[in-house]
Amino acid sequence: MAQKYPEYKGINYADIAEQVLTFWKEKEVFERSVSEREGAPTFTFFEGPPSANGTPGIHHVMARTVKDIFCRYKTMQGFQVKRKGGWDTHGLPVELQVEKELGITKEDIGKKISVEEYNRKCREAVMKFKDQWDELTQKMGYWVDLDKPYITFEPQYIESLWHLLKKLYDKGLLYKGYTIQPYSPGAGTGLSSHELNQPGCYRNVKDVSATALFKVKGTERDYLMAWTTTPWTLPSNNSLAVGKNITYVKVATYNPYTYQPINVILAKDRLPAYFNEKAKEIALEEYKEGDKLIPWQVLDELKGSQLVGTSYEQLMPYIPLAAPALTVLEGDFVTTEDGTGIVHLAQAFGADDYRVSVANGVPGVFVKDEDGNPMPAVDKQGRFVKEMGDLAGRYVKEEFYADEVRNAPDFKSTDVYISIKLKEEGKAFKVEKYEHSYPHCWRTDKPILYYPLESWFIKTTAYKEQLVRLNRTINWKPESTGIGRFGNWLENLVDWNLSRSRYWGTPLPIWRTEDKKEEKCIGSLAELKAEVAKAIAAGIDQKPIEGDFDPHRPFVDEVYLVSDSGKKMTREADLIDVWFDSGAMPYAQWHWPFEAQDVLKENFPADFIAEGVDQTRGWFFTLHALAVMLFDDVAFKNVIANGLVLDKNGNKMSKRLGNAIDPFKTLAQYGPDATRWYMIANANPWDNLKFDLEGIVEVQRRFFGTLHNTYNFFALYANLDGFRYQEGEVPLEQRTESDRWIISRLNSLIADVERAYNDYEPTKAARAISDFTVDDLSNWYVRLNRKRFWRGDYTQDKQAAYQTLYDCLEVIARLSAPIAPFYAELLYRNLNGVSGRQQQESVHLALFPKADQGRIDLDLEERMHDAQIISSLVHSLRKKEKIKVRQPLSRILIPILNQHQREMISAVEDLILNEVNVKSIEYIDDASGVLVKQIKPNLPRLGKTYGPRMKEITGAVAKFEQADIARLEREGVYTLELPGGPINLTLEDVLITSQDIPGWSVASEEDITVALDMQISDELRQEGIARDLVNRLQNLRKDMGLDVQDKISITVARGETLVNAALEANREYICTETQALQLQFTDQLPEGTLLEMDDVQLRVQVEQV
RNA sequence: GGGCUUGUAGCUCAGGUGGUUAGAGCGCUACACUGAUAAUGUAGAGGUCCGUGGUUCGAGUCCACGCAGGCCCA
């Protein structure tokens, strides 16, 4: 055990971190923090796997700090916290990166490069920056198991996924269906939203837009008007949608192309877009064919809800439809921003269209393909099918035609062709070019279609109720993400589209016969092996499954099974959504259920997870969905959804803009503790953080600097006195008021910090620790008690001071260990290395402190608060009167409102007198007759009783004279005669303070007022001189390079009488303060140093003895 | 376009349940202190509490509608 507390000259926080890191590694502290808790209750944390195909950023430091804090905290509370690291390895970003590096596109896969080779490249790329990630993890002090991480591409991981998929399959939750997706007919493939968001995909184009007239059934000439920018979808119209709260009007007018009188229905707000205000004046009868201004007249007004259910005639009956098609539905997406406020729906060609149609049980326009399966009226090349009469074979978009066809003089696009047809049939009201933004395929450069594509789905909607119900049991930080963002997402749940048409990912383990009548879902590699053996036996030639089988493509595609009826089965080509990979990590990370049954039992669900708020619909959802559907349980009980890390101006960080912060540089320059502390203390994790390096500097100076100074102060004197905390603890009642106060504050702090951590409020914890350290401990306790440490013998009082300060520092180390793991470790080990008070050699193996309620004395805290206010007021008065603190003063006056206040202040009198260098406090009360009182109405109280009469009451109270206040105080009640009737005012209804003493210089704050006696007697003046001398002598000592404990002898040249008297009268004081063994006078001292004091000069000589 | 979120001093942030004069730290200015000294203390300047309307005796706080930034989704 060390004899001395290490003392520091300068400190480099990054070096400290390196040392601590080495210590952790040597002593395997992280491993032990888990293994030493074997058998203890578990606290389960799930690590959301990052993808190592990119470099880590500063925001990862933020996210991981949040995770780390609570894992360390719970460990210190005695829980066993296993944290398995993980890597997310599949998915489109990996594929795109590889394609970019190889200079290929998706088309080249299978041609220029084999799927096997391509996937091998992906596998390499995905771990490209693993070393950087591991380095960051270590350097920032994030404790997570990097030795045995789960990796989503490993066969065991995939096997677990297959098991879960099969469970879903067996529950009937996996089905193949349609979804409307962006589709490129030229490329023959669906596009992901990611692909659509590539720059240049959305372009402004001019399309033909048509406002079509849908005739209401059973009327002579009533039409519903609907507008579309894709007239080619009109033959597939199956419904119209209106907004239920939108107001619609029926307007009598004429068809501008056929000139026939008609009544049209549209949203009232859209009238100006279709009708000329000038034409409103014209009588309907005056209209003649071809007139430019077409008269119109509003006949009727009705709500959207009244329109719902209205039947209309099919606009273009190529494929006849029957009810419930061709009726008006309600659509939540309908607006009056553009169009008519009535939206045309074609089930096959729009996501909203599909959703609303299916929800209302409305059939769409479909034909049968060769296999008898339904298909839309447009084929996958983008052409109308043969059933579409004169439209058959036409491409729906003119861009799909070859250029020579398109440029022919008589070429008409399909949209134009249809528009003309509608005009001729009296079914069009307006046809015009319309410019809008429309997505294009990044490969073919041609517009995409929204088109129904086959996909595998998980029927999450079947579990909507459970998902919502169980979500309510999750503690979300912030709450709004849980009930708002996530809750709304669950309320509007759609089935989970699992399919991805890609190469690098988890293959869907479903095999089908060619006629799609038979299907098998495989739930394990063993099962696959057995099924393959069966297939081989049935004569399907292929390799048997070996132990080292890689379940990725292309190998899994070369596996064929045999159906129960003896037919060959091939795998569905889809891969699954990578979110399934990560959502299944609670089970797959342990290769459950093939291994680790017990581990899962102990470690599910998670007590805590944390990830960016952008994961709400990603990881948070898939974790939740799988846990609810498979286990009827939540996957996590507490979750922090942290915000973004922006640059200091609030802009998103990006490498392109050059405002990204390099995490490695930051950690190297400022060290991990200040970086972590700044990120946590500056803003709540769920708010966006405006990351400013200046902020780290501030944290370093203010919190770590102060803490370190305080420790250094302690170490300096504790080493001199040989304090090693070997003596028994000084009983609380034998300690000073300020000792008991800081101990009380310390225990309050422990309770506050524990509560904050328990509530997943790390910001509150950090701020509380910092405020205590800076304000209470350093700026008040140490300041007040400095002399106890460096003066006098090693008495019990001195021991009490050391013990108190030691305890504070040691508790701060443990409280802040989760946030600042390195510095806390250093502090803890520096202290404990000498005292040996704790058994654990690391703060992270130690237990979190417990607040001792018995040591919390709120009365004492209030008293000390008063002392602080009074001291501050006296300083303020001295400053105003230009009397420096070194000049002692005789007394301060404090008006006392009641006995309690007097007792409170008396108890801390010595502290105040010491701090402000004043000899005594005089309390003055009513009896003195000099107080001037002030009265204020107690608004919250009066407001509750009198409400609207407040104005007259406050007015009356404002007019109170001293006599009125005295009468109220004397009688306890005062009747106000007011215009609105008399009111009995009691003492509780008002706040009386004393804020003035006539003839004195006073200052006041809260309910305390202080007056200062500025008379300086000769005696006080002498003492002031003595203090000045001490101060100058101390400076001399320092200049001479003397150590604190070195002794001196002082020789002073006689001077003014007052000065001589001052030195004689305060000889002992001067000697004690300056560690002088003797103080002697002489007449001449030419070699002595001339000391300049305010209005005195003195020659002295100081020698070390 | 929808959902969620943020807006308070030059900067970063506090401001239960509505209550008279809106706070802290940093920065700035001035002064003081000097055995914690690359510290510390005191004072000062600095505010349309994003805007508009409403509820109320009283709104930074509650309600409505906007504006601006952010995230997610369409």
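Everything numeric in this text was worked out from a predicted model, so none of it was measured.

S.K.: In this structure, what is going on with the sheet that holds strand β35 (residues 1002-1005)? I would like to understand it.
M.R.: By way of backbone hydrogen bonds, the strands of a sheet pair with one another, either parallel or antiparallel. With mixed pairing, the 4 strands of this open sheet are ordered in space as β30-β29-β36-β35. Looking at which strands have only one partner, the edges of the open sheet turn out to be β30 (918-924) and β35. Adjacent strand axes in the sheet meet at a mean angle of 25°, parallel and antiparallel pairs treated alike. Relative to strand β36 (residues 1008-1012), strand β29 (residues 889-895) runs antiparallel, the two sharing 2 bridges. Each residue of the ladder has a partner; that of I892, found in β36, is L1012. Sitting on the sheet, helix α29 (residues 909-916) is in contact with β29 and β30, with an inclination near 130° to β30.

S.K.: Would you take a moment to explain the layout of surface pockets for this structure?
M.R.: Any empty space left between atoms is shown by rolling a water-sized probe over those atoms. By volume, the second largest pocket is sized at about 1800 Å³. Lining the second largest pocket are 48 residues, and of these R783, R786, K787, W790 and E1073 sit closest to its centre. Among the elements of the structure, α22 (693-721), α23 (737-758), α24 (762-790), α25 (796-816), α29, β30, α33 (1018-1039) and α35 (1067-1074) are those that each provide at least two residues to the lining of the second largest pocket. The element that contributes the greatest number of residues to the lining of the second largest pocket is α33, accounting for 8 residues.

S.K.: Can you walk me through the side chain of K520 in this structure?
M.R.: Mapped onto the secondary structure, K520 falls in strand β21 (residues 519-521). Among the polar contacts listed, one links the side chain of K520 to the backbone oxygen of V562, at a separation of 2.8 Å. Dropping the residues within four chain positions of it, K520 is found in contact with P509, I510, W511, E531, K534, V562, S563, D564 and M569.

S.K.: Which parts of the structure should I look at to understand the nonpolar core?
M.R.: As a rule of thumb, nonpolar side chains are buried together in soluble globular proteins. Counting residues in hydrophobic clusters, the biggest one holds 130 residues, and the most contacted among them are Y5, W677, F714, Y757 and I892. Of all the elements, α22 adds the most residues to this core, at 11 residues. Counting contributing residues, this core receives three or more from each of domain 1 (13-150 + 579-670) and domain 3 (687-852). Not counting the four nearest positions on each side in its chain, I892 is found in contact with I870, V874, I912, V918, S920, I921, E922, V1010, A1011 and L1012.

S.K.: What's the story with the domain arrangement of chain A in this structure? I'm lost.
M.R.: For an interface, size is often stated in terms of accessible area lost upon the parts coming together. Taken domain by domain, chain A consists of domain 1 (13-150 + 579-670), domain 2 (202-439), domain 3 (687-852), domain 4 (933-994) and domain 5 (1018-1104). Using C-alpha coordinates to define each centre, domain 2 is positioned 75 Å away from domain 3.

S.K.: Explain the packing of α24 against α25 here, please?
M.R.: Working note: a packed helix pair is described by the angle between its axes plus the distance between those axes. For the pair α24 and α25, the least separation of the axes is 11 Å and the interaxial angle reads 160°. Comparing their axes, α25 and α24 come out roughly antiparallel. In the packing of α24 onto α25, the handedness of the crossing is left-handed. Between α24 and α25, the contacting residues are I769, F772, T773, L777, Y781, V782, R788, F789 and W790 on the first element and D797, K798, A800, A801, Y802, T804, L805, C808, L809, I812, L815 and S816 on the second. Class assignment of the residues belonging to the contact of α24 with α25 gives a composition of 15 nonpolar, 3 polar and 3 charged.

S.K.: I would appreciate a short explanation of the protein's contact with RNA strand B in the present structure.
M.R.: Surveying the vicinity of RNA strand B reveals 49 residues, the closest of which are N682, S778, R886, P937 and R1037. Those atoms of RNA strand B that come within 4 Å of the protein belong to sugar or phosphate at a rate of 64%. In this structure, a sugar or linking oxygen belonging to RNA strand B sits 2.9 Å away from a side-chain N or O atom of N688. Take N1031: an N or O atom from its side chain is 3.3 Å from a sugar or linking oxygen of RNA strand B. Where the surface near RNA strand B is concerned, the elements lending two or more residues are α15 (479-491), α22, α24, α27 (858-881), β31 (932-937), α30 (939-946), α31 (950-958) and α33. The element best represented in the surface near RNA strand B is α24, accounting for 7 residues. Looking at the surface near RNA strand B residue by residue, the classes come out as 14 nonpolar, 15 polar and 20 charged.

S.K.: Help me out: how do you make sense of a negative patch on the surface in this one?
M.R.: There is a patch of like negative charges on the surface, built from D859, E862, E1005, E1006 and D1007. Inspection of the secondary structure assignment puts E1005 in strand β35. Residue E1005 is classed as partly exposed on the basis of its relative accessible area, which comes to 38%.

S.K.: What is the right way to read the sheet that holds strand β16 (residues 449-458) from this model?
M.R.: Spatially, the 4 strands line up as an open sheet ordered β4-β3-β16-β18, and their pairing is antiparallel. Strands at the two margins of the open sheet, each flanked by one partner only, are β4 (189-190) and β18 (496-497).

S.K.: Would you take a moment to explain the packing of aromatic side chains for this structure?
M.R.: Describing an aromatic ring pair means giving the distance of the ring centres and the angle of the ring planes. Inspection of the entire model under this criterion finds 60 aromatic pairs. Between the aromatic rings of F604 and F631, the centroid separation amounts to 5.8 Å while the plane-to-plane angle is 55°, which identifies the pairing as tilted. Pair noted here: F604 is in the loop between α19 (597-602) and β25 (606-612) and F631 is in helix α20 (residues 616-631), with a separation of 27 residues, a long-range link. By way of ring pairs, the aromatic residues Y5, F713, F714, Y717, F723, Y725, F789, Y802 and Y806 are connected into one cluster. Over the ring of W143 we find R72; its NZ or CZ atom is 3.8 Å from the centre of that ring. A cation over an aromatic ring shows up here: R394 above the ring of Y417, its NZ or CZ 4.4 Å from the ring centre.

S.K.: Any chance you could explain the pattern of salt bridges here in plain terms?
M.R.: Side chains bearing opposite charge may pair, as long as their charged atoms lie close to each other. Going through the model one piece at a time under the given rule, you end up with 64 salt bridges. When the shortest N-O distance is used, the salt bridge between D739 and R788 registers 2.8 Å. Taken together, the residues D739 in helix α23 and R788 in helix α24 connect sequence positions 49 residues apart. Here the two residues D739 and R788 agree in accessibility, since each one is buried. Between D1028 and R886 there is a salt bridge whose closest N-O contact spans 2.2 Å. Within this pair, whereas D1028 is found in helix α33, its partner R886 is found in the loop between α27 and β29, the two being separated by 142 residues in sequence. What makes D1028 buried here is its relative accessible area of 7%. By relative accessible area, R886 is classed as partly exposed at 29%. Linked by salt bridges that have partners in common, K27, R32, E36 and E841 make up one network.

Rules and cut-offs
- Residues numbered from 1 in each chain as written.
- Chains lettered and ligands numbered in written order.
- Predicted model: local features only at pLDDT ≥ 70, side-chain atom pairs only at ≥ 80, totals over all residues.
- Heavy atoms only, no water.
- Pairing = 2+ DSSP bridges.
- Helix = DSSP H or I, 4+ residues; strand = E, 2+ residues; numbered from the N terminus.
- Axes fitted to C-alpha atoms, helices over the stretch in contact; angles between N-to-C directions.
- Contact = heavy atoms within 4.5 Å.
- 1 Å grid on protein atoms, 1.4 Å probe; cavity = no way out; pocket = protein on both sides within 12 Å on 5 of 7 lines; lining within 4 Å.
- Points joined across faces, edges and corners; volume = space filled by probe spheres on them.
- Polar contact = N/O pair within 3.5 Å; in protein donor to acceptor, adjacent residues only side chain to side chain.
- Core = buried A, V, L, I, M, F, W, Y, C linked by side-chain atoms within 4.5 Å.
- Buried < 20%, exposed > 50% of the residue type's maximum accessible area, 1.4 Å probe, protein only.
- Domains from an automatic or database assignment.
- Parallel < 35°, antiparallel > 145°, perpendicular 65-115°, else oblique.
- Left-handed = near helix turned anticlockwise from the far one by under 90°.
- Nonpolar A, V, L, I, M, F, W, Y, C, P; charged D, E, K, R; others polar.
- Near = heavy atom within 4 Å.
- Patch = residues over 30% accessible without salt bridge, like charges linked within 9 Å, V, L, I, M, F, W, Y side chains within 5 Å.
- Areas by Shrake-Rupley, 256 points an atom, 1.4 Å probe, with all protein chains shown as cover.
- Salt bridge = Lys/Arg side-chain N within 4 Å of Asp/Glu carboxyl O.
- Lys, Arg positive; Asp, Glu negative; His and termini not counted.
- Charge placed at Lys NZ, Arg CZ, Asp CG, Glu CD.
- Phe/Tyr/Trp six-rings, centres within 6.5 Å; stacked < 30°, edge-to-face > 60°.
- Lys NZ or Arg CZ within 6 Å of the ring centre and 35° of its normal.

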